[in-house]
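Each chain, letter by letter, is given below.
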Amino acid sequence: MPAVDKLLLEEALQDSPQTRSLLSVFEEDAGTLTEYTNQLLQAMQRVYGAQNEMCLATQQLSKQLLAYEKQHFALGKGDEEVISTLHYFSKVVDELNILHSELAKQLADTMVLPIIQFREKDLTEVSTLKDLFGLASNEHDVSMAKYSRLPKRKENEKLKAEVAKEVANARRKQHLSSLQYYCALNALQYRKRVAMMEPMLGYTRGQINFFKKGAEMFSKRMDSFLSSVSDMVQSIQGELDAEAEKMRISQQDLIAVNESVYTPDSDVTSPAINRNLIQKAGYLNLRNKTGLVTTTWERLYFFTQGGNLMCQPRGAVAGGLIQDLDNCSVMAVDCEDRRYCFQITTPTGKAGITLQAESKKEYEEWICAINNISRQIYLTDNPEAAAIKLNQTALQAVTPITSLGKKHEVQHPSQTVKNMENDKIIPSGSAGIQDSIQLIAPGTPIQFDIVLPAMEFLDQNRGGRRANPFGESEDSSKDEEEDSLLQQMFVVRFLGSMAVQSDETCEVIYEAMRQVLAARAIHNIFRMTESHLMVTSKNLRLIDPQTQVTRASFELATVTQFAAHQENRRLIGFVIHLSEPLGEESMSAYVFESNTEGEKICYAISLGKEIIAAQKDPEALAQLMKSVPLTNDGKFMLLNDVSEEDGTMHEGGEESEA
């Protein structure tokens, strides 16, 4: 160790300028040491604080490793191996936390504490002695100045002795403080070297002890564990690389597709439409009413699930029911000058939701899918085959049918009423099978509107009173309704009508149904006009549900045939036989789809005809009134022997007045 510079104690009493100059060097060194010690202490306290934070961090890390098992990841399948590995790592971290706590304690005792003691004891002592030495020097200077001003006269001997004693005391005090100050400065040169090395010695020993204990604790049992974890990580990385390559190739293939995939309604002329769907999913625009006349459209994801139409907003976990499709009907509508809009109507005839598709293909497939689902095809054993069979009518319509094939020989309730008026109303047995050409002439046009505009013009200009454009009912029609013994209203949708050549059997109605449905499928006609069918004991009237205007009216006596479809029981048809002014006769078949079973409509028509026949014979009318219950006002009440399609039974019957 090199020699240390010292202040000579022998020169303290003399207090020469050379001694003062050397003292200033020692004081400057002490000031620099004090500043450096403060900076060093801050650095060591930061190390100690970091070690304490390391203890807290490792403790928190151990808790988080154990918390992985409790996170309930939605895609956490197959994480058992990861969970067990993290549990083991948690134990390792806990053991390391113990070592970190011991290291933090050693750093506090062997590194931070010595440097604090050096600063608080040695450096503070030097600073205090410096202040005392300065005060003593100032007192000595004052006393010497006072002693130097003494006069030469002898009568001042007493004052001179007092001042000399004061100088001696001040000099003694200065000498004593300088000796203590010099000794502290000399000792500081040794203590600063010890103070600089001792904390680092404690820090190094603490770290060596930490690593030594860690090596002893983990070196033997951690090698195999770390090796297995490393192999597992490499295996997962290999799987990731392989999957990334597959995704890259798949992404390139998906990007290389035709531009039509991104363009909505790319093939408007001849889109490939699947009409046999029993499930459908995709985005549609839903029409929402926000006021009396204002509406908004919201783009949502729709999908079918069984007989339900579900809606799922973007970001939602699951979808919600928006419409029950069983026995519902769907039709194309014009809505706010938008394309591809269609409306779903409930079985009760109430207008449901209005939707908009983004392309013609989606528009027609949604309508076909909802139609298939509404017929409850999804409940059959093979719904796909049933849907294909149902939609094959378009292909069958192209080929002329020479025979209608065998029909069910079981009579329906609508066909068991009495034969009346030329015995052509309802056949009393199984009718003979006729060729379709004999029933309906080939190439007969089909009318898809209830009344053509030309017919409306003729009706309004055919004499009599002018039609009321605002839909107020005429007084005569009200009187007829009040006088009628039967009033029953049904919600129906007009499918089509066509001229027929025979009304001797109900087979003509089945053939008309087949051709109307086939023509709709061929020409992609989905629009249907909804009306209220009023069955009275005098006529059949089609009423507009909004304006209450009568769209068409048929005398009940002109209805010569009526029947419901044998498979799709919501289809109902009837034949109107009219006599033209020139002696010619015309027969037309009308086909409708109802919200209820067609047999109920047939029963109402049959009852109306029985009332017409019974009104000619009072005894027969009385017998009929005994067999059919009446309401309080003397009108017939229709009993629902057959339950509704949803399974609900009407206990007390249904009043015949709508």
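Being a predicted model, the structure only gives us computed values, none of them experimental. (Residues numbered from 1 in each chain as written. Predicted model: local features only at pLDDT ≥ 70, side-chain atom pairs only at ≥ 80, totals over all residues. Heavy atoms only, no water.)

S.K.: Mind showing me how you'd approach the pattern of salt bridges here?
M.R.: Pairing between side chains becomes possible if they bear opposite charge and their charged atoms approach one another. Counted under the stated rule, the structure contains 19 salt bridges. Glu-362 is the partner of Lys-280 in a salt bridge, and the nearest nitrogen-oxygen pair spans 3.2 Å. A residue pair is termed long-range when its members are at least 10 positions apart, and Lys-280 in the loop between α3 (157–255) and β1 (281–289) and Glu-362 in helix α4 (residues 360–374) qualify at 82 residues. The buried category is assigned to Lys-280, whose relative accessible area is 10%. Using a relative accessible area of 19% as the deciding quantity, one classes Glu-362 as buried. A single network of salt bridges, built from pairs that share partners, joins Lys-280, Lys-361, Glu-362 and Glu-365. (Salt bridge = Lys/Arg side-chain N within 4 Å of Asp/Glu carboxyl O. Helix = DSSP H or I, 4+ residues; strand = E, 2+ residues; numbered from the N terminus. Buried < 20%, exposed > 50% of the residue type's maximum accessible area, 1.4 Å probe, protein only.)

S.K.: How should helix α10 (residues 507–522) be read in this particular structure?
M.R.: For α10, with 16 residues, the first-to-last C-alpha span of 22 Å sits near the 22 Å given by 1.5 Å per residue. The buried fraction of α10 is high, at 13 of 16 residues. (Expected span 1.5 Å × (residues − 1).)

S.K.: Would you mind going over the side chain of Ser-143 with me for this structure?
M.R.: Locating Ser-143 in the fold gives a position in helix α2 (residues 80–148). The class of Ser-143 is buried, set by a relative accessible area of 2%. Sequence-distant contacts of Ser-143, defined by excluding residues within four places in its chain, comprise Val-163, Glu-166, Val-167 and Ala-170. (Contact = heavy atoms within 4.5 Å.)

S.K.: Any chance you could explain the confidence of the model for the protein here in plain terms?
M.R.: A low pLDDT means the predicted coordinates there should not be read in detail. The predicted model of the protein has a mean per-residue pLDDT of 79, with 79% of residues at 70 or higher. Predicted confidence in the protein is weakest over helix α8 (residues 453–460), with a mean pLDDT of 39, and strongest over strand β13 (residues 559–564), with 93. Confidence drops under pLDDT 50 across residues 393–434; counting only partners more than four residues distant or on other chains, this segment forms 76 contacts. (pLDDT = per-residue confidence, 0-100.)

S.K.: Before we go on, may I ask you to explain the packing of aromatic side chains in this structure?
M.R.: The description of two aromatic rings rests on the distance between their centres and on the angle between their planes. Under the criterion given, the structure shown has 16 aromatic pairs. Centroid distance Phe-342 to Tyr-363: 6.3 Å. Interplanar angle 55°. Geometry classified as tilted. Here the residue Phe-342 occupies a position in strand β6 (residues 341–345), and Tyr-363 occupies one in helix α4, the gap between them amounting to 21 residues. A ring pair is formed by Phe-494 and Tyr-590, whose centres lie 6.4 Å apart and whose planes are at 50°; its orientation type is tilted. (Phe/Tyr/Trp six-rings, centres within 6.5 Å; stacked < 30°, edge-to-face > 60°.)

S.K.: I'm lost on the environment of Met-331 in this one. Help?
M.R.: Here Met-331 shows up in strand β5 (residues 329–332). Spatially, the C-alpha atom of Met-331 lies 5.7 Å from that of Met-528, the residues being 197 residues apart in sequence. Residues within four places of Met-331 in sequence aside, it is in contact with Phe-342, Gln-343, Thr-345, Arg-493, Phe-526, Arg-527, Met-528 and Glu-530.

S.K.: Explanation requested: empty space enclosed by the protein in the structure shown.
M.R.: Gaps left between atoms are located by rolling a probe of water-molecule size over the structure's atoms. Tallying each qualifying case throughout the model produces 2 cavities of 30 Å³ or more. Here the second largest cavity is characterised by a volume of approximately 30 Å³. In this structure, the second largest cavity is lined by Leu-99, Glu-102, Leu-103, Gln-106, Gly-206, Asn-209, Phe-210 and Lys-213. (1 Å grid on protein atoms, 1.4 Å probe; cavity = no way out; pocket = protein on both sides within 12 Å on 5 of 7 lines; lining within 4 Å. Points joined across faces, edges and corners; volume = space filled by probe spheres on them.)

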